Amino acid sequence: MENELGFISQMFDTLYLFPEELEDIEIPEEELEKEEEKVVEKADATEKTPAITPKKVIRKQLPTDYYGENKRHIVIFIEHSGVDIFRSKEFQLLLKILGALQLTLQEVAVINVLEQKDNLEALIKKLEPQYYLYFVNQNESPLSNEKIAKYIPTEIDGHQAVAADGLTKLLLDVDKKRELWMALKILFEL
């Protein structure tokens, strides 16, 4: 029987023996001790493993009245009426414009004029802007109803500014994008 088990154990990775077959087989004490040591080592390793604690998730709250962190005090006015502004083509265009100016969303404050009509003055005082960028369809400033010339670096509401058409219009008009780029290069001295 031992010869048969030796042959079979070489053929298969795992060999299962039934209780009646175990009675005829003698296992040397050395092998039993090795197996017991392995079981003890596994138990020790399990005890040494530190308990897994869930990681704290820290979510940075975006301000609800504007997008960005305003590190460079550049305020951008947009008009967006859709639900998810971050996935819109218009917002992607704005990010490309910022990238061309070597700016990030953290350096600017983007205000959706349609959401903040009543809160604009208080918000502007809080943000302390140095520059304004207008991407609005109307020809007046949303702050003071002052007439604004588009695609020309100028002073609007007491700050250096460039006004352009809304982002939706800019998406489709290459010439207006070119005009905007020329005005932004002058404003930011690029």
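Going by the structure above, here's the rest.
Computed from a predicted structure; not experimentally measured.

### Brief notes about the nonpolar core
Here is step 1 of the chain: Residues I76, L94, L133, F135 and L180 are the most contacted members of the largest nonpolar core, which totals 27 residues.
Here is step 2 of the chain: Counting residues per element, the ones that place at least two in this core are β1 (74-78), α4 (89-100), β2 (108-112), β3 (131-135), β5 (159-164), α6 (167-172) and α7 (174-187).
Here is step 3 of the chain: Sorting elements by how many residues they give to this core places α4 first, with 5 residues.
Here is step 4 of the chain: Look past the residues within four positions of L133 in its chain and what remains in contact with it is I74, V75, I76, F77, V162, L184, L187 and F188.
Here is step 5 of the chain: The next biggest cluster of nonpolar side chains, apart from the first, holds 17 residues, and it includes Y66, L120, I124 and L127.

### Comments concerning α7
Here is step 1 of the chain: Compared with an ideal rise of 1.5 Å per residue, which puts 14 residues at 20 Å, α7 spans 20 Å between its outermost C-alpha atoms and is within 8% of the ideal.
Here is step 2 of the chain: Listed in full, the buried residues belonging to α7 are L180, A183, L184 and L187. Seen from one end, α7 has its buried residues packed into an arc of 100°, which puts them on one side. In this structure, α7 carries V174 and I186 as exposed residues pointing more than 90 degrees from its buried face.
Here is step 3 of the chain: Structurally, α7 contributes buried residues whose contacts are with α4, β3, β5 and α6.
Here is step 4 of the chain: Put simply, D173 is the residue that caps the front of α7, since its side-chain oxygen is 3.1 Å from the backbone nitrogen of D175.
Here is step 5 of the chain: E189 sits one or two residues past α7 and shows a positive phi near 50°.

### Quick word on the pattern of salt bridges
Here is step 1 of the chain: For the coordinates displayed, the defined rule picks out 7 salt bridges.
Here is step 2 of the chain: Salt-bridge contacts for K71 lead to E69; the nearest nitrogen and oxygen are separated by 3.5 Å.
Here is step 3 of the chain: Classification of E69 by relative accessible area gives partly exposed; the value is 31%.
Here is step 4 of the chain: Put simply, D165 and K176 hold a salt bridge, and the shortest N to O gap is 2.7 Å. One end of the pair, D165, is in the loop between β5 and α6; the other, K176, is in helix α7, and 11 residues separate them in sequence.

### Comments concerning a nonpolar patch on the surface
Here is step 1 of the chain: Nonpolar side chains collect at one region of the surface, where W181, M182 and L190 lie side by side and expose about 290 Å² of accessible area between them.
Here is step 2 of the chain: As for its placement among the helices and strands, M182 is situated in helix α7.

### Focus on the environment of Q106
Here is step 1 of the chain: Tracing the chain through its elements places Q106 in the loop between α4 and β2.
Here is step 2 of the chain: Apart from residues lying up to four places away in sequence, Q106 is in contact with E69, N70 and K71.
Here is step 3 of the chain: Looking at Q106, its side chain comes within polar contact range of the side chain of T104, at 3.1 Å.

### Digging into the packing of aromatic side chains
Here is step 1 of the chain: All chains considered together, the criterion is met by 5 aromatic pairs.
Here is step 2 of the chain: Counting every residue linked through ring pairs, the aromatic cluster contains F77, Y132 and Y134.

### Examining the side chain of D165
Here is step 1 of the chain: Relative accessible area serves as the criterion here: at 7%, D165 is assigned to the buried category.
Here is step 2 of the chain: For D165, the side chain forms a polar contact with the side chain of K150, separated by 3.1 Å.
Here is step 3 of the chain: There is a polar contact of 2.7 Å between the side chain of D165 and the side chain of K176.
Here is step 4 of the chain: For D165, the contacting residues outside a window of four places in its chain are F135, V136, N137, K150, Y151, L170 and K176.

### A word on α4
Here is step 1 of the chain: For α4, spanning 12 residues, the distance from its first C-alpha to its last is 17 Å, which sits close to the expected 16 Å at 1.5 Å a residue.
Here is step 2 of the chain: For α4, the set of buried residues is E90, F91, L93, L94, I97 and L98. Down the axis of α4, the buried set is contained in an arc of 155°. They therefore lie on one face. Opposite the buried face of α4, at more than 90 degrees from it, the exposed residues are K89 and K96.
Here is step 3 of the chain: Q102 lies just past α4 and shows a positive phi near 60°.

Quick notes on the rules
Residues numbered from 1 in each chain as written. Predicted model: local features only at pLDDT ≥ 70, side-chain atom pairs only at ≥ 80, totals over all residues. Heavy atoms only, no water. Core = buried A, V, L, I, M, F, W, Y, C linked by side-chain atoms within 4.5 Å. Buried < 20%, exposed > 50% of the residue type's maximum accessible area, 1.4 Å probe, protein only. Helix = DSSP H or I, 4+ residues; strand = E, 2+ residues; numbered from the N terminus. Contact = heavy atoms within 4.5 Å. Expected span 1.5 Å × (residues − 1). Arc of directions from axis to C-beta. Polar contact = N/O pair within 3.5 Å; in protein donor to acceptor, adjacent residues only side chain to side chain. Salt bridge = Lys/Arg side-chain N within 4 Å of Asp/Glu carboxyl O. Patch = residues over 30% accessible without salt bridge, like charges linked within 9 Å, V, L, I, M, F, W, Y side chains within 5 Å. Areas by Shrake-Rupley, 256 points an atom, 1.4 Å probe, with all protein chains shown as cover. Phe/Tyr/Trp six-rings, centres within 6.5 Å; stacked < 30°, edge-to-face > 60°.

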